[in-house]
Amino acid sequence: MESGEEIEIADDNNEFSSVMGRKYSPVVAHDNDNSAVVEMTSVRPGSSSSSSLPNHDLKKLKVGVHPNMASDEREESLANHSTNGPQRESKLELFGFDSLVNILGLKSMTGDQIQAPSSPRDGEDVTLTFEQPKPTADKSGTLMGVFMPCLQNILGIIYYIRFTWIVGMAGIGESLLLVACCGSCTFLTTVSLSAIATNGAMKGGGPYYLIGRALGPEVGVSIGLCFFLGNAISGAIYVLGAVETFLNAVPSAGIFRETITRVNGTDIAEPITSPSLHDLQIYGIVVSILLCFVVFGGVKMINRVAPAFLVPVIFSLLCIFVGIFSARHDRPAVGITGLKLESFKNNWGSAYQMTNNAGIPDPNGNIHWDFNALVGLFFPAVTGIMAGSNRSASLKDTQRSIPVGTLAATLTTTSLYLVSVLLFGAVATRDKLLTDRLLTATVAWPFPAIVYVGIILSTMGAALQSLTGAPRLLAAIANDDILPVLNYFKVADGHEPHAATLFTVFICIGCVVIGNLDLVSPTSTMFYLVCYAGVNLSCFLLDLLDAPSWRPRWKFHHWSLSLVGALLCIVIMFLISWAFTIVSLALASLIYYYVSIKGKAGDWGDGFKSAYFQLALRSLRSLGANQVHPKNWYPIPLVFCRPWGKLPENVPCHPKLADFANCMKKKGRGMSIFVSIIDGDYHERAEDAKEACKQLSTYIDYKQCEGVAEIVVAPNMSEGFRGIVQTMGLGNLKPNIIVMRYPEIWRSENLTDIPATFVGIINDCIVANKAVVIVKGLDEWPNEYQRQYGTIDLYWIVRDGGLMLLLSQLLLTKDSFEGCKIQVFCIAEEDSDAEGLKADVKKFLYDLRMQAEVIVLTMKSWEAQGEQQESVEAFSGAQQRVASYLEAMKQQAQRDGTPLIADGKPVFVEEQQVEKFLYTTLKLNLMVQKYSRMAAVVLVSLPPPPLNHPATFYMEYMDLLVESIPRLLIVRGYHKDVVTLFT
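Residues numbered from 1 in each chain as written. Predicted model: local features only at pLDDT ≥ 70, side-chain atom pairs only at ≥ 80, totals over all residues. Heavy atoms only, no water.

**Let's talk about the overall build of the protein chain**
Here comes step 1: In terms of regular secondary structure, the protein chain is built from 33 helices and 22 strands.
Here comes step 2: Contacts in the protein chain between residues at least 24 apart in sequence constitute 81% of all its contacts with a sequence separation of at least 6.
Here comes step 3: Accessible surface for the protein chain amounts to roughly 47200 Å². Of this, 57% is attributable to carbon and sulfur atoms. (Helix = DSSP H or I, 4+ residues; strand = E, 2+ residues; numbered from the N terminus. Contact = heavy atoms within 4.5 Å. Areas by Shrake-Rupley, 256 points an atom, 1.4 Å probe, with all protein chains shown as cover.)

**What to know about the pairing of strand E21 (residues 937-941)**
Side chains on a regular strand alternate between the two faces of the sheet.
Here comes step 1: E21 sits mainly inside the fold: 5 of its 5 residues count as buried.
Here comes step 2: Side chains of E21 alternate between two faces, with Val937, Leu939 and Ser941 and Val938 and Val940 buried alike.
Here comes step 3: The pairing of strand E16 (residues 791-795) with E21 spans 4 bridges and is parallel. The residue bridging Ile792 from the neighbouring strand is Val937, located in E21.
Here comes step 4: Here E21 pairs with strand E22 (residues 968-972) via 4 bridges, running parallel. For Leu939, the partnering residue across the bridge sits in E22 and is Leu969.
Here comes step 5: Taken together, E21, helix H33 (residues 951-962) and E22 form a β-α-β motif whose crossover is right-handed. (Buried < 20%, exposed > 50% of the residue type's maximum accessible area, 1.4 Å probe, protein only. Pairing = 2+ DSSP bridges. Right-handed = clockwise from strand over helix to strand, strands pointing away.)

**What to know about the pairing of strand E14 (residues 737-741)**
Here comes step 1: Here E14 lies mainly inside the structure; 4 of its 5 residues are buried.
Here comes step 2: Inspection of the sheet shows strand E11 (residues 637-640) paired to E14 by 3 bridges, in the parallel sense. Its bridge partner lying in E14, Val639 is registered against Val739.
Here comes step 3: The pairing of E14 with strand E15 (residues 771-776) spans 5 bridges and is parallel. Across the sheet, the residue bridging to Ile737 is Ala771, located in E15.

**Description of the packing of helix H9 (residues 217-249) against helix H20 (residues 517-545)**
Here comes step 1: Here H9 crosses H20 at 150°, and the two axes come no closer than 8 Å. One element, H9, and the other, H20, form an angle in the roughly antiparallel class. Like other packed secondary-structure pairs, H9 and H20 cross with a definite hand, here left-handed. Taking contact as the criterion, the partners of Ile223, Cys226, Phe227, Leu229, Gly230, Asn231, Ile233, Ser234, Ile237, Leu240 and Gly241 in H9 are, on H20, Leu517, Val520, Ser521, Thr523, Ser524, Phe527, Tyr528, Val530, Cys531, Tyr532 and Gly534.
Here comes step 2: Split by residue class, the contact of H9 with H20 holds 14 nonpolar, 8 polar and no charged. (Axes fitted to C-alpha atoms, helices over the stretch in contact; angles between N-to-C directions. Parallel < 35°, antiparallel > 145°, perpendicular 65-115°, else oblique. Left-handed = near helix turned anticlockwise from the far one by under 90°. Nonpolar A, V, L, I, M, F, W, Y, C, P; charged D, E, K, R; others polar.)

**Points about the pattern of salt bridges**
Here comes step 1: For the structure on display, the rule yields 13 salt bridges.
Here comes step 2: Note that Lys490 is salt-bridged to Asp481, the shortest N-O span being 3.2 Å.
Here comes step 3: Residue Asp481 is classed as partly exposed on the basis of its relative accessible area of 24%.
Here comes step 4: Arg741 serves as the salt-bridge partner of Asp779, at 3.2 Å between the closest nitrogen and oxygen. (Salt bridge = Lys/Arg side-chain N within 4 Å of Asp/Glu carboxyl O.)

**With respect to the state of the cysteines**
Here comes step 1: Following the criterion strictly, the structure yields 0 disulfides and no others.
Here comes step 2: Just so you know, Cys182 is unpaired, no disulfide at all, and the nearest cysteine sulfur is the one on Cys181, 5.3 Å from it. (Disulfide = S-S within 2.5 Å.)

**Some thoughts on the sheet that holds strand E18 (residues 853-858)**
Here comes step 1: Strand order in the open sheet formed by 10 strands is E13-E12-E11-E14-E15-E22-E21-E16-E17-E18, and the pairing between neighbours is mixed. At either end of the open sheet lies a strand with only one pairing partner, and these are strand E13 (707-714) and E18. Sheet twist, expressed as the mean angle between neighbouring strand axes with direction ignored, is 20°.
Here comes step 2: Pairing analysis gives 8 bridges linking strand E12 (residues 672-679) to E13, with the strands arranged parallel. Counted as the bridge partner of Ile673 is Val708 from E13.
Here comes step 3: Along the sheet face, helix H26 (residues 717-727) touches E11, E12, E13 and E14 and points at about 145° away from the line of E12.

**Some thoughts on unusual backbone geometry**
Here comes step 1: Residues Trp445 and Pro446 are joined by a peptide bond in cis, for which omega reads 5°.
Here comes step 2: With respect to the helices and strands, the residue Pro446 is situated in the loop between helix H17 (439-442) and helix H18 (449-479).
Here comes step 3: Of note in the backbone geometry, Gln704 takes a positive phi value of approximately 60° without being a glycine.
Here comes step 4: In this structure Gln704 comes out as exposed when scored by relative accessible area, which is 61%.
Here comes step 5: Unlike most non-glycine residues, Asn769 shows phi in positive territory, near 60°.
Here comes step 6: Along the chain, Asn769 turns up in the loop between helix H27 (754-767) and E15.

**Focus: the packing of aromatic side chains**
Here comes step 1: Scanning all chains against the criterion turns up 27 aromatic pairs.
Here comes step 2: The interplanar angle of 5° and the centroid separation of 4.5 Å between the aromatic rings of Tyr795 and Phe825 together place this pair among those described as stacked. Taken together, the positions of Tyr795 in strand E16 and Phe825 in strand E17 (residues 821-828) put the pair 30 residues apart, joining distant regions of the chain. Accessibility assignment for this pair places Tyr795 and Phe825 in one class, buried. (Phe/Tyr/Trp six-rings, centres within 6.5 Å; stacked < 30°, edge-to-face > 60°.)

**Remarks on the nonpolar core**
Here comes step 1: Among the nonpolar cores identified, the biggest contains 144 residues, and Tyr159, Phe378 and Tyr417 are the most heavily contacted of them.
Here comes step 2: Those residues in contact with Tyr159 that lie beyond four places of it in its chain are Leu317, Phe321, Leu416, Tyr417, Ser420, Phe424 and Thr440.
Here comes step 3: Val759, Leu900, Met958 and Leu960 belong to the second largest nonpolar core, which has 61 residues in total. (Core = buried A, V, L, I, M, F, W, Y, C linked by side-chain atoms within 4.5 Å.)

**Focus on the confidence of the model for the protein chain**
Here comes step 1: On average, the protein chain scores 77 in pLDDT, and the residues at 70 or more come to 77%.
Here comes step 2: A low-confidence stretch, residues 1-88 (pLDDT under 50), is modelled with 146 contacts involving residues beyond four sequence positions or located in other chains.
Here comes step 3: Every residue in residues 90-134 scores below 50 in pLDDT, and together they form 62 contacts with partners more than four places removed in sequence or on other chains. (pLDDT = per-residue confidence, 0-100.)

**Some thoughts on the environment of Glu915**
Here comes step 1: When you line up the elements, Glu915 lands in helix H32 (residues 911-931).
Here comes step 2: The spatial distance from the C-alpha of Glu915 to the C-alpha of Phe875 is 10.0 Å, given a sequence separation of 40 residues.
Here comes step 3: Apart from residues no more than four positions distant in its own chain, Glu915 is found in contact with Phe875 and Gln879.

**Considerations on the environment of Phe580**
Here comes step 1: In this structure, Phe580 sits in helix H22 (residues 578-598).
Here comes step 2: Between the C-alpha atoms of Phe580 and Thr525, which are 55 residues apart in sequence, the distance is 9.9 Å.

**Remarks on helix H24 (residues 655-663)**
Here comes step 1: Counting buried positions over the 9 residues of H24 gives 7, a clear majority of the element.
Here comes step 2: By the burial criterion, the buried members of H24 are Lys656, Leu657, Ala658, Asp659, Phe660, Ala661 and Cys663.
Here comes step 3: Considering only its buried residues, H24 is in contact with E11, E12, E14, E15, helix H28 (803-812) and E22.

**As for the packing of H26 against H27**
Working note: a packed helix pair is described by the angle between its axes plus the distance between those axes.
Here comes step 1: Look at H26 against H27: their axes get within 10 Å of each other, and the N-to-C directions meet at 15°. With respect to H27, the element H26 is oriented roughly parallel. Where H26 crosses over H27, the handedness of that crossing is right-handed. Taken together, the residues of H27 that come into contact with H26 (itself represented by Met717, Ser718, Phe721, Arg722 and Val725) are Thr757, Ile761, Asp764 and Cys765.
Here comes step 2: Here the residues of the contact of H26 with H27 are counted per class, giving 5 nonpolar, 2 polar and 2 charged.

So this is what it looks like as structure tokens:
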């Protein structure tokens, strides 16, 4: 195409060609590129540029061919073009996007990962690349996509070769109850399935997709894999049924043969021949392999051959019913009475008894049948309702096809079963019902061969549906990338799941080798019931929570129906076999546990998250805003992650700070809030904050901390923390303890801004009535594997609501400190008060159920203790620094003619008071060094910053207090008791 060549676009594309009043100008063309590019520039409505586009039937757009150039050259070319281009205006400029971009953006709501282009700024042009649309695969409608597969799966082998036998064993009355019970279960499950399937776009995976998105990936994968096993085993049931029918119809085809001449210990007129186990195994394996080749042809081929399998099935049903009504009139046979009231009465009651492996009544048989066992045998005859949802990716309209097609198939087959019970019970004697498993073929008109063909085609069609749906289900689970072990079964969109098909056929052959349909059927039933219970529970949870996103198009549902359906599934499971039930539930639980440990996390907006959210809201409202009783008090630490200095790259929080946060919770109970502050403007650094929050959350999970991460952008650390301490949390779930590291490096690295920030944070905590825990020696804090020995020493100087005592008890619950003992140090004003104070503290600790040794120190011992050389040097250095700093402030005040100013505010300092504070912290430090030299950790009360003292002075007091103490917790409580004497 030559540069500047015009393409004419018909009038029906007018809407596109004049989007937002833009005109289209060509880009430089090159002949060696085939991708056409249309470039749009804005024009003002009514301007000359706009009027230059005549309102003809054909609109002409200048189209050029995009150059084959390097990406950086292309970007530079486009940038130059857009810079020189005319200014654009948009009618929707206020909203930041135009209609075209908005339409493209809607695609992301359906789950398609489409990078929606951002709206162009003024002066920029939009470049659109036109490509040939990809051909889409043919989609199925309701009839061929849902109704036919469901009908083929439901109306399977059990109806043809076991249903008359079930009527003979259970009688008409209990057979009606059996059909009603199983049919009700699948009907209620279909209602739940219809509600979930019409609540949004549905991808491949059928019930797995529904359950996973409703109950979470763990439950979805566990139940989805169980349903996959049920489908694979069902394929074996259909294969065994087809082979058994073929060998009964053509006995000469059998390599081996089994003959029965006596029933219930008496001779019978004609020997009963049944297929041999080895024949069933050999033919079953061959048929499974042949079906595998058919399935490899793809779902399109199966859709083409499905009518060929279904038409003979429907014709055979008509022959059976015609034969029932004409029985005894044209072809009299032994045991066939025709529709007689006497037969109906005789067959009304049950006749449960022992049978051999072939189902022939025998007192010496090894299988006993009762109602529960018949439920397990019959239930696969009502399964298959998921056949349509298994192929949801191949449907044109899942939200319409799945409910209509599945319900139609369910009601059709259930009605057929109920009518068949009445007719079969009235057409033959009980002996005939129990000994002729192919009675449907015997009564068929005009001859049994039609039913034989119908049975074989029915089972082959159902087997194909199972072997088609099961691999797609497994591939859908693998494609979600939840379990790495399933990566072998991943398939790209539009490709056939060959690996999953081979695995499915392998399971099918393994079940075929068993060779007994009556034994395989209950196993499949269990897996189906687990899946159906999951679907009902999903709908129950979603309906009960009634989240804003729960808006199914299918309106005929209620949470009570789903609950009844789920309970009915579980009851049927226990009716069939409590051992099978426990095994199947245990298997689902093991898969759930494995997925929760090894699986990759996925947030699908499942119902459990909604339930947790509503439960949290309700609990929060019930807590109210009143003061929490001490018995119900839990520490909710706000861990201040921002370091005083630098951390290694990609480490958003000091590792030991996370370990200490875990030490503040008993048995992991409670919540921690990890907070960091980014300096800057929020509009400029919002994306940095999101990335930092994600990184901090990942690190918290890595450290196995129960907590959440928050990142705040503020002009500086002080303002950021002040906003955090006022607003963080909701109601009584606001953080009550501020945890941070002591800034030991402020003097060594000359960080002069730290004192004012540190003091400001402590003052903010006092004003907000938050407790404070400052950790000194954080690098030396032990992890969970480092056992500590010695004591936990508490220097209990001021009343703190019992927080220091509670922290010591929480430390003892951790493996690191469980070998330690607690010592409580108290200070008495006079020697005469020492014994009384010791007795009172002991009684108090006893009432608090806390074991600790109480040591009382008097002021005399305080004054008499010797001074160590290191402490004396630290004291002298602090005195000199305070004096020089005070002198500098005085000189500055004299030059400016103002009062003393520090940290931007006036201060009032008495030198004598400063000396007293320094001396007090020195004596306390010496006391700790003397009595707690072997302590694992020391807890001491935090002195509040003195009013009108510079922040640097307070840091000198604190440095003197923590001098030469390797591991120290400085604690300040708040005006609330956190421990209580009463039960």
